[in-house]
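Descriptive analysis of the structure
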Amino acid sequence: MLAIVLCCAHVQAADFYKVGYVQVDKLLQEAPQTAETGKKLEKEFSPRSLELDKLQKQIRELETQLDHDRSNLTESDRRLKERQLNNSRLEFQSKQRELREDINLRKNEELALLQERINKAVQTVAESEGYDLVAYSGVAYASKRIDITDKVLKLLGKK
């Protein structure tokens, strides 16, 4: 009888694992590092963005001037101004595309760093509170009882 009790106790103990769940999207939105990253990227790319704004203003001025002076220009002068305008538009589009690509690259770099910090924070919470399993995404349902997202956010806020 003692063997049966010990066997049942072992089976029951094996059934109780501490499981946690983390809402990654919530972490990415609410982590203080997200706002810091946004400000950092804005500061990094604002000079180029201002340059684009200035170029766009110049293009508008060229368009206005060409529309205004069109009737007074010779055919060759009109074509020259139209060519300058088209070249300015192409330059603007090229710089705009380059800026977008550079911003996306930097966002991805910063996101990778943030994900690394989140992983470390999740691991720290899991180890310090004795979790056997912590799931991220791909979970169809997780009760609030096993959601450790707020604990991870709290830890991220301390760093």
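Residues numbered from 1 in each chain as written. Predicted model: local features only at pLDDT ≥ 70, side-chain atom pairs only at ≥ 80, totals over all residues. Heavy atoms only, no water.

Section: the overall build of the protein chain
Helix and strand counts for the protein chain come out as five helices and two strands. Traced from its N-terminal end to its C-terminal end, the protein chain shows the element sequence α-β-α-α-α-β-α. Across the 159 residues of the protein chain, 22% fall into the buried class. Considering only contacts within the protein chain whose residues lie at least 6 apart along the sequence, 80% involve residues at least 24 apart. When the accessible surface of the protein chain is split by element, carbon and sulfur atoms take 53% of a total near 11800 Å². (Helix = DSSP H or I, 4+ residues; strand = E, 2+ residues; numbered from the N terminus. Buried < 20%, exposed > 50% of the residue type's maximum accessible area, 1.4 Å probe, protein only. Contact = heavy atoms within 4.5 Å. Areas by Shrake-Rupley, 256 points an atom, 1.4 Å probe, with all protein chains shown as cover.)

A closer look at the pattern of salt bridges
Using the criterion set out here, one finds 16 salt bridges in the structure. Residues R106 and E44 are paired through a salt bridge, measuring 3.1 Å at the closest nitrogen-oxygen approach. Of this pair, R106 sits in helix 4 (residues 75-128) while E44 sits in helix 3 (residues 32-69), placing them 62 residues apart in sequence. A relative accessible area of 16% means that R106 is categorised as buried. (Salt bridge = Lys/Arg side-chain N within 4 Å of Asp/Glu carboxyl O.)

Quick notes on the environment of R89
Here R89 lies in helix 4. What makes R89 partly exposed here is its relative accessible area of 32%. The sequence separation of R89 and Q58 amounts to 31 residues, and the corresponding C-alpha distance is 9.9 Å. Contacts of R89, omitting those with residues within four sequence positions, involve I59 and E63.

Quick word on the packing of aromatic side chains
Summed over all chains, the structure comprises zero aromatic pairs. One cation-aromatic arrangement involves K18 over Y131; the distance from NZ or CZ to the ring centre is 4.6 Å. (Phe/Tyr/Trp six-rings, centres within 6.5 Å; stacked < 30°, edge-to-face > 60°. Lys NZ or Arg CZ within 6 Å of the ring centre and 35° of its normal.)

Regarding the nonpolar core
V22, L27, I118, I148, V152 and L156 are the most contacted members of the largest nonpolar core, which totals 15 residues. Of all elements in the fold, only helix 4 and helix 5 (149-158) reach the threshold of two or more residues within this core. Ranked by residues supplied to this core, first place goes to helix 4 with six residues. Those residues in contact with V22 that sit more than four places away from it in its chain are L27, V122, V134, A135, Y136, D147, I148, T149 and V152. Core analysis: the second largest hydrophobic core is formed by nine residues, L52, L55, I59 and F92 among them. (Core = buried A, V, L, I, M, F, W, Y, C linked by side-chain atoms within 4.5 Å.)

Notes on helix 4
Across its 54 residues, helix 4 extends 79 Å between first and last C-alpha, which sits within 8% of the 80 Å expected from 1.5 Å per residue. In the segment just after helix 4, G130 is the residue with positive phi, at about 70°. (Expected span 1.5 Å × (residues − 1).)

Comments concerning the layout of surface pockets
Estimates place the volume of the largest pocket at around 180 Å³. What lines the largest pocket is L28, Q33, T34, T37, G38, L41, K107, E110, L111 and L114. Tallying contributions element by element places helix 3 first for the lining of the largest pocket, with five residues. Residue composition of the lining of the largest pocket, grouped by class: four nonpolar, four polar and two charged. (1 Å grid on protein atoms, 1.4 Å probe; cavity = no way out; pocket = protein on both sides within 12 Å on 5 of 7 lines; lining within 4 Å. Points joined across faces, edges and corners; volume = space filled by probe spheres on them. Nonpolar A, V, L, I, M, F, W, Y, C, P; charged D, E, K, R; others polar.)

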